[in-house]
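Each chain, letter by letter, is given below.
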Amino acid sequence: GIPMGWIQRRIRRYSRDTISPQDFHPNEPPTVTGRRMTNPTPLPSHDWITTTRVDDRLHLEVHRSSLGESDGKSIKAHIDVILDHPAHQQSVLFVVLELEHVELINSSVLGSMIVTHKNLASTRRRLVLTKLTTELEASFGFLKLDEVFTICQTEKALNQLTQVD
């Protein structure tokens, strides 16, 4: 098969990777279209999570207005499956959770997010929350969760964070 080093070099070579839920076939190189790579890893199937890769960042855009207990577990499992794949174990440093469509987060989801945050920190990775609605950002501030999580509301702030670290 193809050595994992080959795959990791290809992933680093392209500035933006698109990760699809199709199976990765280790005996076939990933399909390269312009600056996008397809099929680098299998993902759990969640039609309400869009996953993309930008350099050392893994972006998960959540397309739900409210997140309940099972959603928190699904997001955590989604992240775990991706980061357990050899192609992403060393090269992903930031997991960016885009929450612009989310208006309500259940407390169990917050618990799952804190567990994910701690698990990522133990492997020298960082969970970054971005594009929070005004109400959600205010709630995080009221609950002092803005002191727990890294929150970058703009792309500029996110780029500055990932370039400094």
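The structure under discussion appears in the preceding block.
Residues numbered from 1 in each chain as written. Predicted model: local features only at pLDDT ≥ 70, side-chain atom pairs only at ≥ 80, totals over all residues. Heavy atoms only, no water.

Next up on the list: the pattern of salt bridges. Under the defined criterion, the tally for this structure stands at five salt bridges. Between E155 and R57 there is a salt bridge; the shortest N-O distance is 4.0 Å. Of this pair, E155 sits in helix α6 (residues 155-164) while R57 sits in strand β5 (residues 57-62); the two residues are 98 residues apart in sequence, bridging distant segments of the chain. Among the residues examined, R57 registers a relative accessible area of 6% and is labelled buried. (Salt bridge = Lys/Arg side-chain N within 4 Å of Asp/Glu carboxyl O. Helix = DSSP H or I, 4+ residues; strand = E, 2+ residues; numbered from the N terminus. Buried < 20%, exposed > 50% of the residue type's maximum accessible area, 1.4 Å probe, protein only.)

In this section: the pairing of strand β9 (residues 126-130). Consecutive side chains along a regular strand alternate between the two faces of the sheet. For β9, a buried count of four out of five residues is recorded, marking the element as mostly surrounded by other parts of the structure. In the sheet, strand β7 (residues 94-98) pairs with β9 via five bridges, with the strands oriented parallel. Looking at β9, one finds that E98 is bridged to T130. As paired strands, β9 and strand β10 (residues 150-152) are joined by three bridges and run parallel to one another. Paired with V128 across the two strands is T150, which belongs to β10. Crossover connection from β9 via helix α5 (residues 134-142) to parallel β10: handedness right-handed. (Pairing = 2+ DSSP bridges. Right-handed = clockwise from strand over helix to strand, strands pointing away.)

Of all hydrophobic cores here, the largest spans 27 residues; its most connected members are L97, L99, I105, M113, L129 and F140. Elements with a contribution of two residues or more to this core: β5, α2 (69-84), β7, α4 (107-122), β9 and α5. Once you skip the residues sitting within four places of it in the chain, L97 turns out to touch L60, V62, I75, M113, L127, V128, L129 and T130. Counting six residues, the second largest nonpolar core, distinct from the first, contains F94, V128, C152 and L158. (Core = buried A, V, L, I, M, F, W, Y, C linked by side-chain atoms within 4.5 Å. Contact = heavy atoms within 4.5 Å.)

As a further point, take the side chain of S91. Looking at where S91 falls in the secondary structure, it is placed in the loop between α3 (86-89) and β7. Here R53 takes part through its side chain, which lies 2.9 Å from a polar atom of the side chain of S91. Non-local contacts of S91, meaning those with residues more than four positions away in its chain, are made with R53 and D56. (Polar contact = N/O pair within 3.5 Å; in protein donor to acceptor, adjacent residues only side chain to side chain.)

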